[in-house]
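# Topology and contacts: notes
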Amino acid sequence: MKGALIGCGFFARNQLHGWADVTGAEIVAICDRDETRLAEAGEAFGIDRRYADAAEMFAAGGFDFVDIATTVPSHRPLVEMAAAAGVHVICQKPFALNMDDARAMIAAVEATGKTLMVHENFRWQSAVRAAIEALRGGAIGTPFFGRVSFRSGYDVFSGQPYLAEGERFIIEDLGIHILDIARALFGDVDRISATTRRINPNIRGEDVATMLLSHGGGVTSVVDCSYATRRMPETFPETLLEIDGTQGSLRLDAGYRLTIQRDGQEEVRDVSPPVLPWAERPWHNIQESVALIQQHFVDCLAAGRTPETSGADNLRTFALVEAAYLSAAEGRSVALSEL
Ligand code: NAD
Ligand code: 89V
């Protein structure tokens, strides 16, 4: 399959490396309205077809899918352009500015019969995946409690300055991943309560969020996120897990250590992600998950399957983000059915 990528910024470099590793797909064209970034990416990855205007790239065609790696304000126009061009679509998270835009993008691609996947890669991190597979395989029986936790003091603003500028920050940018992991582990959510705080005075949005989720299948989970946590060792960008089930318990601790206890026995596994040749610590965890979700997309298309984080699936993660902000603003628990 041939692909085109739009947005050659901070994170797209990982996506371009990921595509170079994927079996069954290659990137043949790139687009960025910033000519310097476009030229740098083109040179670094040997891609000659370069466009400053996405409409021109779609008009020229010659690719089966588009990978949209821009920030959220451009997602809807670009996804709609892709739908009009009749290509498969991958779109970065956060998928949309609001639920209406998210629904419109899903409908636009659905009408073409093509596939839409949101690049929600955290559930593809190999350590998280090991926990998901153990849980789905019944390693601790039926889960009834979970904590999905991401607490860090890492400076994300130097690489992504826009994160300091938005009215919304941690739930929209990072919490969205952690909420998605909670969904991957425990299923869909009926209600959510959230509190938020801003600790760092140099940013606009909230940098701490604590959320309580009631999952339809009976699990209660706590999803807690912070970029204001001073801890040693610094665990960025690890998601830590603590899960109780009817037959045992599972923990994913700092340092990618997975512990499963059942029937008085304990199994401890090192589930550290590999550092791919193009990756660097501490980002290697996220970087590997980029290549894995891209391969998943290609494999799904080849097999006629729907990707795990399809647009329709991700709408339910995105709804959790909206519901969490509503809950924090109004100081009440929010039913997902309200959205
Ligand atoms: P960035 O600002 O560094 O890069 C975005 C690029 O898109 C810029 O170069 C910009 O010029 C270009 N662009 C924007 N609109 C365009 C348009 N209409 N046509 C052509 N080019 C356009 O942003 P980033 O940090 O790379 O983040 C991009 C997206 O990736 C965001 O949605 C962010 O949340 C997401 N992200 C995801 C992860 C993850 O692990 N999944 C990690 C970091 C960032
Ligand atoms: O995954 C992300 O969207 C990133 C980061 C991990 C730094 O929050 O913005």
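Residues numbered from 1 in each chain as written. Chains lettered and ligands numbered in written order. Predicted model: local features only at pLDDT ≥ 70, side-chain atom pairs only at ≥ 80, totals over all residues. Heavy atoms only, no water.

Before going further, it helps to examine the overall build of the chain. For the chain, the helix and strand inventory stands at nine helices and 15 strands. For the chain, the C-alpha radius of gyration of 20 Å lies close to 20 Å, the compact-globule estimate for 339 residues. With the C-alpha coordinates aligned to their principal axes, the bounding extent of the chain is approximately 60 × 40 × 40 Å. Evaluated residue by residue, the chain yields a buried proportion of 56% over its 339 residues. Taking the contacts inside the chain whose residues are at least 6 apart along the sequence as the reference set, 66% of them involve residues at least 24 apart. Just so you have it, the chain exposes about 14100 Å², and 48% of that area is on carbon and sulfur atoms. Of the side chains in the chain, 31 bear a positive and 46 a negative charge, and the two mean positions are spaced by 3 Å. (Helix = DSSP H or I, 4+ residues; strand = E, 2+ residues; numbered from the N terminus. Rg over C-alpha atoms; globule rule 2.2 N^0.38 Å. Buried < 20%, exposed > 50% of the residue type's maximum accessible area, 1.4 Å probe, protein only. Contact = heavy atoms within 4.5 Å. Areas by Shrake-Rupley, 256 points an atom, 1.4 Å probe, with all protein chains shown as cover. Lys, Arg positive; Asp, Glu negative; His and termini not counted. Charge placed at Lys NZ, Arg CZ, Asp CG, Glu CD.)

Neighbouring residues of ligand 1: 25 residues in total, closest Phe11, Asp32, Arg37, Asn121 and Tyr162. A distance of 3.3 Å separates a nitrogen atom of ligand 1 from a polar atom in the side chain of Arg33. Between ligand 1 and Arg37, the relevant distance is 2.8 Å, taken from an oxygen atom to a side-chain nitrogen or oxygen of the residue. Relative to its unbound accessible area of 850 Å², ligand 1 is 90% covered by the protein chains. Split by residue class, the shell around ligand 1 holds nine nonpolar, ten polar and six charged. Mapped onto the domain boundaries, the shell around ligand 1 takes at least three residues apiece from domain 1 (2-114) and domain 2 (123-280 + 310-338). (Near = heavy atom within 4 Å. Polar contact = N/O pair within 3.5 Å; in protein donor to acceptor, adjacent residues only side chain to side chain. Nonpolar A, V, L, I, M, F, W, Y, C, P; charged D, E, K, R; others polar. Domains from an automatic or database assignment.)

Residues annotated in UniProt with the feature "domain: GFO/IDH/MocA-like oxidoreductase" (unreviewed entry) correspond here to residues 128-251. For residues 128-251, helix accounts for 21% and strand for 35%, while the C-alpha atoms at its two ends are 11 Å apart. (UniProt positions renumbered as here; feature names shortened; annotations may be inferred.)

Scanning the entire structure with this criterion turns up eleven aromatic pairs. Relative to Phe169, the ring of Phe157 lies with its centre 5.3 Å away and its plane at 50°, an arrangement referred to as tilted. With a gap of twelve residues between them, Phe157 in the loop between β7 (143-151) and α7 (170-186) and Phe169 in the loop between β7 and α7 connect regions that are remote in the sequence. Aromatic pair Phe236 and Trp283: ring centres 5.1 Å apart, planes at 70°, arrangement edge-to-face. (Phe/Tyr/Trp six-rings, centres within 6.5 Å; stacked < 30°, edge-to-face > 60°.)

All right, on to the domain arrangement of the chain then. For the chain, the domain assignment lists domain 1 (2-114) and domain 2 (123-280 + 310-338). Distance from the C-alpha centre of domain 1 to the C-alpha centre of domain 2: 27 Å. Each partner contributes to the interface: domain 1 provides 16 residues, whereas domain 2 provides 16 residues. With both chains or domains summed, domain 1 and domain 2 bury close to 1300 Å², and 75% of this area falls on carbon and sulfur atoms. (Buried area = accessible area lost by both parts, 1.4 Å probe.)

Overall, mixed pairing links the nine strands, which are arranged β14-β13-β12-β11-β7-β10-β9-β8-β15 in an open sheet. Both outer strands of the open sheet, β14 (265-270) and β15 (334-335), are each paired with one neighbouring strand and no more. Both β7 and strand β10 (residues 220-226) contribute to a ladder of seven bridges, which runs parallel. Across the sheet, Phe145 pairs through a bridge with Thr220, a residue of β10. Helix α6 (residues 126-136) rests against β7, β11 (240-245), β12 (248-253), β13 (257-262) and β14 of the sheet, and its axis sits at about 175° to β12. Contacts from helix α9 (residues 311-330) reach β8 (189-197), β9 (208-215) and β15, with the element oriented near 55° to β8. (Pairing = 2+ DSSP bridges. Axes fitted to C-alpha atoms, helices over the stretch in contact; angles between N-to-C directions.)

Looking at where Thr259 falls in the secondary structure, it is placed in strand β13. The exposure class of Thr259 is buried, given its relative accessible area of 3%.

Moving on: the site of ligand 2. As a structural note, the neighbourhood of ligand 2 is formed by Lys93, Phe122, Val156, Gln160, Leu163, Asp173, His177, Tyr227, Trp283 and Ile286. Within the contact set of ligand 2, an oxygen atom lies 2.5 Å away from a side-chain nitrogen or oxygen of Lys93. Within the side chain of His177, one N or O atom sits 2.8 Å away from an oxygen atom of ligand 2. Contact with the protein chains removes 93% of the 270 Å² of surface that ligand 2 exposes when unbound. Split into classes, the residues belonging to the shell around ligand 2 amount to six nonpolar, two polar and two charged.

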